[in-house]
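Structural description and commentary
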Amino acid sequence: MKPIRVLKILSLSALALASAGCVVSETRPVEYTPAERAQTEVADSHRLNIGISVLDPGIPEEGSRAAKNAAVSPEVREAEARYIAYHLKDTLERTSHWGAVRVVPGDRTGTELMVKGTILESDGLGLELAIVAVDATGREWLDRKYRGRADSGTYSDGEIMGRDPFQNVYNDIANDLLSARAKLEANDLVDVRRVAELRFANSLAPSVFDGHLDEQRGRYTVVRLPADNDPMVERMRSVRDRDLLFVDTLNEHYAGFYRQMDGPYDDWRKYSYDEEIALKELQAAARWRKLVGAAAVVGSVMADANSDSRAGDAAANVMLIGGIELFRQGMQVGKEAKMQEEILAELSSSFGAEIEPVTVNVAGETRRLEGSAATQYAEWRRLMREIYEAETGFELPDEETHGSQTVDLAAGDAPTGQ
């Protein structure tokens, strides 16, 4: 084969590889799917109260390969777990289809409809969540994955303002919850409310409220209802109202965290989007440079073996030198891509926050609750049992707790942050 022909073949191959390897960023608009809003007044029986658990951040196990390859740090995942839960709350509230929607530190017994989720993927390019929704009777409403591509228009000033890049994901969840509710009869929804109250009562005072519910394979049904004028029920409802006040106080914390995080998080996602696009382009560029460089080296050897002239030898040497240089460039671009990954990981380290300690008064005694929201809420549940015991004279079995937080329970006041 003549050296000139080899050069032509390699040149065409290089162009083909370059065309195949280069990445063109996809910035086409994402079709918006709105959340269905109530057009008329929704009946009270349909307005179930919703609890949204702070999401599982989906952090890989420390030391695992997934953890080593993660471009986003655990700190940003923990922050996102709170942020996404609160944004879903905001989305559901704006539909006007539901009762009170609250973010809670974890699973909360006595919630009419509990929504939980895990972050499977989250960066500036895409968001994927695994969402499960179960009502108080144990009936499953949702169990599916939601994935969305960023609407890049939200990253551009003056284009689409005031919309989350992944608002479609939240809207899809809201619409699916509404569809699930539409499949239930009015009596089903009434049962959900009754079971929610009785499950709360049983968790508070099992020795008093045992026998009111039957549980079979995770499904709860009402066996008998207590009398509305039962003093034990009145006390239980009083404590439940205080519990809601405490959860509302936690939601003030989550709301503050959400507002504080909103601006920096938007900036991080936009930067992450740009960096991820650049990263993919760098990786593609590195691949084709390596391939073309390797092809040129092989071609130079072929040309040298088939050449019987100085011109052929020179051409082979040029291809060899050029191929080595292309391969070297590919290796260098690969290093730059790795640097971009490290930048993404470093960016995420600025997130992560613990809830401020809360001080409460219990029958005139000041208590200070510290730690995470989940820890404080666990201690709060223990304090509720103390109040119930003090007000009814019943001694209840000890319950294992983990944590601490504070409120004026005796007066029924909401907790105040210190």
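So, here's what we can say about the structure. (Residues numbered from 1 in each chain as written. Predicted model: local features only at pLDDT ≥ 70, side-chain atom pairs only at ≥ 80, totals over all residues. Heavy atoms only, no water.)

Taking 1.5 Å as the rise per residue, helix H4 (residues 167-182) with 16 residues should run 22 Å; its terminal C-alpha atoms sit 23 Å apart, in good agreement. Counting buried positions over the 16 residues of H4 gives twelve, a clear majority of the element. By the burial criterion, the buried members of H4 are Gln167, Asn168, Val169, Tyr170, Asn171, Ile173, Ala174, Asn175, Leu177, Leu178, Ala180 and Arg181. Those residues of H4 that are buried are in contact with helix H3 (74-95), strand S3 (113-122), strand S4 (126-135), strand S5 (140-149) and helix H5 (186-204). (Helix = DSSP H or I, 4+ residues; strand = E, 2+ residues; numbered from the N terminus. Expected span 1.5 Å × (residues − 1). Buried < 20%, exposed > 50% of the residue type's maximum accessible area, 1.4 Å probe, protein only. Contact = heavy atoms within 4.5 Å.)

Tallied over the entire structure, the rule returns three aromatic pairs. Seen from their ring centres, Tyr86 and Tyr258 are 5.0 Å apart, and the 40° between their planes marks the pair as tilted. In this pair, Tyr86 is assigned in helix H3 and Tyr258 in helix H7 (residues 231-306), connecting sequence segments 172 residues apart. Like Tyr86, the residue Tyr258 is buried in the burial classification. Ring geometry for Trp98 against Trp141: centres 6.2 Å apart, planes inclined by 50°, an arrangement best described as tilted. Of this pair, Trp98 sits in the loop between H3 and strand S2 (101-104) while Trp141 is found in strand S5, placing the two residues 43 residues apart along the sequence. Taking the relative accessible area as the measure of exposure, Trp98 reaches 3% and is therefore buried. (Phe/Tyr/Trp six-rings, centres within 6.5 Å; stacked < 30°, edge-to-face > 60°.)

On inspection of all chains with the given rule, the structure shows 14 salt bridges. Here Asp248 makes a salt bridge to Arg102, at a shortest N to O gap of 2.7 Å. Note that Asp248 is positioned in helix H7 and Arg102 in strand S2, a separation of 146 residues in sequence. The partly exposed category is assigned to Asp248, whose relative accessible area is 31%. Bridged by salt links that share partners, the residues Glu121, Glu128 and Arg147 form one connected network. (Salt bridge = Lys/Arg side-chain N within 4 Å of Asp/Glu carboxyl O.)

For the rest of this paragraph, the subject is the sheet that holds S3. If you trace the five strands from one edge of the open sheet to the other, you get S2-S1-S3-S4-S5, paired in mixed fashion. Strands at the two margins of the open sheet, each flanked by one partner only, are S2 and S5. Between one strand axis and the next, the sheet turns by 20° as a mean value, whatever way the strands run. As paired elements, S4 and S5 share nine bridges and run antiparallel to each other. Looking at S5, one finds that Glu128 is bridged to Arg147. Contacts from H4 reach S3, S4 and S5 within the one sheet, and its direction differs from that of S5 by about 160°. (Pairing = 2+ DSSP bridges. Axes fitted to C-alpha atoms, helices over the stretch in contact; angles between N-to-C directions.)

On to unusual backbone geometry, then. For Ser96, which is not glycine, the phi torsion reads 65° and is therefore positive. Within the secondary structure, Ser96 is located in the loop between H3 and S2. Under the relative-accessibility criterion, Ser96 is labelled partly exposed at 39%. Positive phi, normally seen in glycine, also occurs at Arg217, with a value near 50°. When you line up the elements, Arg217 lands in the loop between strand S6 (213-216) and strand S7 (219-222). The exposure class assigned to Arg217 is exposed, which follows from its relative accessible area of 86%.

The analysis is restricted to geometry; functional conclusions fall outside its scope.
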